[in-house]
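Secondary and tertiary structure notes
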Amino acid sequence: MSVEKKESACQSEHGDLLRIGEVARLCHISVSSLRHYEELGFLQPEYTDPLSRYRYYGPRQLETLNTIRYLRALDTPLTEIADFLRHKDVSRMEALLQSQQQAVEEKIREWQRIGQKISRRLERLREAKREPLDTIRLVRRGPLRMAWLRESLRQPASQDMELPIRQLEREQQEPLVFLGKIGLSLAQESLVRGRYEQYDGIFLLLDEADDYHGAVEVLPAADYAVVCFRGSHHEAPQEYRRLMAFLAAQGWQVTGSAQEVTLIDYGLTNSREEFVTEIAIPVQKG
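Now for a quick tour of the structure. (Residues numbered from 1 in each chain as written. Predicted model: local features only at pLDDT ≥ 70, side-chain atom pairs only at ≥ 80, totals over all residues. Heavy atoms only, no water.)

Tallying each qualifying case throughout the model produces three aromatic pairs. Between the aromatic rings of tyrosine 37 and phenylalanine 42, the centroid separation amounts to 6.1 Å while the plane-to-plane angle is 25°, which identifies the pairing as stacked. Each member of the pair, tyrosine 37 as well as phenylalanine 42, carries the same accessibility label: buried. Measuring from centroid to centroid gives 6.1 Å for tyrosine 47 and tyrosine 56, while their planes differ by 40°, and the two rings are tilted. (Phe/Tyr/Trp six-rings, centres within 6.5 Å; stacked < 30°, edge-to-face > 60°. Buried < 20%, exposed > 50% of the residue type's maximum accessible area, 1.4 Å probe, protein only.)

Laid out in C-alpha cells, this is it:
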C-alpha cells in the first residue's frame, strides 16, 4: 500500500484527528515547536502511525496546546509549565496566574522607570542644544548625588577615560550611560592656583531614582557659575580662565571642585564642531 493510501486509511479510521502540519497552521505555531513540546513531554500526539510515523492530534491535545501557548505568552518558565501539566488543577492555575501577574506588574514598573530615564535623556539632549554658549550664568543647583573615582588625569582624551569609567561601572546592574552623566572634577585648589589641566577625579552625576551600587556622596544645594562652550576637555582651560576672571571681577569665591561634563560628544555626533561641554563651579559671594 502506498504512503498516500496508508494516510487516507488512517484519516478514515481517525476522522476527527489532525496531522501535525494542520495543527501548526491552525494554531499559528511551527512544526518544530510542536515536536519540541513532544520531546519535553508537554504534548503527546493522540495517535502516531507506526509505519509512516505521521502524528495525529485531537481536541484534547489542542486544548493542552492552547494552555501551553497561553502560559508561554505570559513568559511562564518551561519548568513551571511542565509542573502544571503534570498536576493540572484549578488551584495550581490560580497560583500560576497570580505569580505571573506579579511578574507582569514588576515589568510594568521597570518599563515605567526606563521610560522616565528616556524622558530625562531627551530633556538633557534638548537642553544641551538650546543652552546659550559662551555666556556665564549664575544658577542654583542641588542637592547633587555623585559617585566618585578619585584619579589624577591630565587633559584626558575619550580613550583615557574608558578604563576609569569601567571601574565605576564594575558593580552596576546597568551600564553607566543609562545611569547619569559622567564628568571630570577639577579641585578647588587647582582652580585657585590656575592649574586648569590637571583633573583630580571622574564622577557620575546620578538622578534621584538611579540605583547605584557603591559609595554615593550628596553635595548640598549651592550657587554655581556655569558656562557652556563648543568643544571638549582640550578647549576647557581657556574657559576656566574666563570663569575665574569673571568671578574675581564680580566678587564671588570658589567653594568647591569644578564639574566638567561633555553634553554633546562622539556618543551623539561624529562632528567635533557640534561638541558642547559645560563647566560648573560652586561659588558664594565674597
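Here we come to the pattern of salt bridges. Counting across every chain of the model gives 11 salt bridges. In this structure, lysine 107 and aspartate 75 form a salt bridge, with 2.7 Å as the shortest nitrogen-oxygen distance. Of this pair, lysine 107 sits in helix 6 (residues 90-130) while aspartate 75 is found in the loop between helix 4 (59-73) and helix 5 (78-86), placing the two residues 32 residues apart along the sequence. For glutamate 106, the salt bridge goes to arginine 109, with nearest N and O atoms at 2.7 Å. Here arginine 109 and glutamate 106 lie together in helix 6, a separation of three residues that amounts to about one turn. (Salt bridge = Lys/Arg side-chain N within 4 Å of Asp/Glu carboxyl O. Helix = DSSP H or I, 4+ residues; strand = E, 2+ residues; numbered from the N terminus.)

In this section: helix 9 (residues 236-250). The end-to-end C-alpha distance of helix 9 is 21 Å, a good match for the 21 Å that 15 residues give at a rise of 1.5 Å each. Every buried residue of helix 9 is accounted for by Ala236, Pro237, Glu239, Tyr240, Leu243, Met244 and Leu247. Buried positions in helix 9, seen along its axis, are confined to an arc of 155° and lie on one side of it. Taken from the residues just after helix 9, glycine 251 is the one with a positive phi, measuring 80°. (Expected span 1.5 Å × (residues − 1). Arc of directions from axis to C-beta.)

Let us now look at the nonpolar core. Residues Leu191, Tyr240, Ile279 and Ile281 are the most contacted members of the largest nonpolar core, which totals 22 residues. Contributing elements (two or more residues each) for this core: strand 7 (180-186), strand 11 (222-230), helix 9, strand 12 (252-254) and strand 14 (276-285). At five residues, the largest contribution of residues to this core is made by helix 9. Those residues within four positions of leucine 191 in sequence are excluded, and the remaining contacts are Leu186, Tyr196, Tyr240, Met244, Val254, Gly256, Ala258 and Ile281. In terms of nonpolar packing, the next biggest core, distinct from the first, is built from 20 residues, Val23, Ile29, Tyr57 and Phe84 among them. (Core = buried A, V, L, I, M, F, W, Y, C linked by side-chain atoms within 4.5 Å. Contact = heavy atoms within 4.5 Å.)

No statement about biological role is implied by the geometric values presented.
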